[in-house]
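Coordinates in review
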Amino acid sequence: MQQIADDFREKDILSLEQFDTKSILTVLQQATHMADIATMAKPTTLLAGKIISLLFFEPSSRTFSSFAAAAKRIGAQTIEYQGMHVSSVAKGESLSDTIKTFASYSDAIIIRHPEVGTATKAAEASDIPIINAGDGIGEHPTQALLDCYTIHNHAGKLDKLKVVCAGDMKNGRTVHSLLSALSKFADNTVYLLSPESLQLSPTDKASYTENGLTIHEIFHEKDLPKDADVWYWTRVQKERFSSDEEYEKMKHRFILNLDLLNTYGNSNLILMHPLPRVGEIATDVDADPRAVYLTEQMRNGMYVRMALLALLFGEEV
Ligand code: NCD
């Protein structure tokens, strides 16, 4: 897979594997400028004349609209498809032909698809940059970058952190990309709280630990560390289950409520969630000052995507 090596121009963004620490920090630094740009009264024209295609073959609220908003806030225009309504796809056209079509009309393609590896396949068919906005249970690199930005804004660093991730470690692509990002920085430790059947796959686990990440898999709330910097809660990924019954048994195994937060949390941690949540965080936690999922974390998605799009076209600020 092509490495970014701090030069984003015309590259595909498919996986966190492509990033070294310097490249991650460049996105974060650019995102800080983009946060200022987003609140400026005067529109920017950094990407004026560019057209970005958004092809989302799986449902999305935040990723889709934050990418669309990001493109527009820096002057690009968008072609937007959500669902299976792309005419040619509905008629049975191959992915490769569909990608070639959109590549001939636009300057970059952002794709979300239920199958692992689809973004990589799209990149093979395309001569313009492809951004992976989630490929099945695989990766969600732009989510990890916005998560890193959020953590960095609070902790001031991305190393020597203690991070709790809870929920669906097996199927959650946001966790996969976040662990990959954390494994690049020194001395990070993660506690993964999940039902045993939703543990990380051995292959995923080996790839993060080989990079130097310390992983503790835990199956009970009582094993939560009390000195974590971040709690990253996630939804059990219903659409990845073959039986509704199995999903129902798992979906609310770990609910974050004020009681749990006050028992195991400390006053400095931040509470994150990629969203959507479907009951695994009680709504009375939202008002806690440590909760950033409905506020900063979500907004940061737009800033980070503005930064990434600008970097792809060599238009950093
Ligand atoms: C996540 C996703 O689609 O992977 N949502 C998002 O992009 N913010 C998380 C999820 O759906 O659980």
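For the structure, check the block above.
A brief report on the enclosed structure follows. Worth saying up front: this structure is predicted, and the values here are computed from it rather than measured.

Near the ligand you find T63, R112, H140, Q143, R173, T174, R235, Q237, P274, L275 and P276, and these make up its full shell. Contact distances for the ligand include 3.0 Å between an oxygen atom and a side-chain N or O atom of R112. A distance of 2.9 Å separates a nitrogen atom of the ligand from a polar backbone atom of P274. In the complex, the protein chains occlude 93% of the 320 Å² of accessible area that the ligand would expose alone. The residue makeup of the shell around the ligand, split by class, is 3 nonpolar, 5 polar and 3 charged.

For the peptide bond that leads from L275 to P276, omega is 5°, which places it in the cis range. By secondary structure assignment, the location of P276 is in the loop between β9 (270-272) and α11 (296-312). Within the chain, E10 stands out as a residue other than glycine whose phi angle is a positive 65°. Positionally, E10 belongs in the segment before α1 (21-38). Positive phi, close to 60°, is recorded for D187, a residue that is not glycine. In this structure, D187 sits in the loop between α7 (173-184) and β6 (189-193). Exposure remark for D187: the relative accessible area of 54% places this residue in the exposed category.

Calculation criteria
- Residues numbered from 1 in each chain as written.
- Predicted model: local features only at pLDDT ≥ 70, side-chain atom pairs only at ≥ 80, totals over all residues.
- Heavy atoms only, no water.
- Near = heavy atom within 4 Å.
- Polar contact = N/O pair within 3.5 Å; in protein donor to acceptor, adjacent residues only side chain to side chain.
- Areas by Shrake-Rupley, 256 points an atom, 1.4 Å probe, with all protein chains shown as cover.
- Nonpolar A, V, L, I, M, F, W, Y, C, P; charged D, E, K, R; others polar.
- Helix = DSSP H or I, 4+ residues; strand = E, 2+ residues; numbered from the N terminus.
- Buried < 20%, exposed > 50% of the residue type's maximum accessible area, 1.4 Å probe, protein only.

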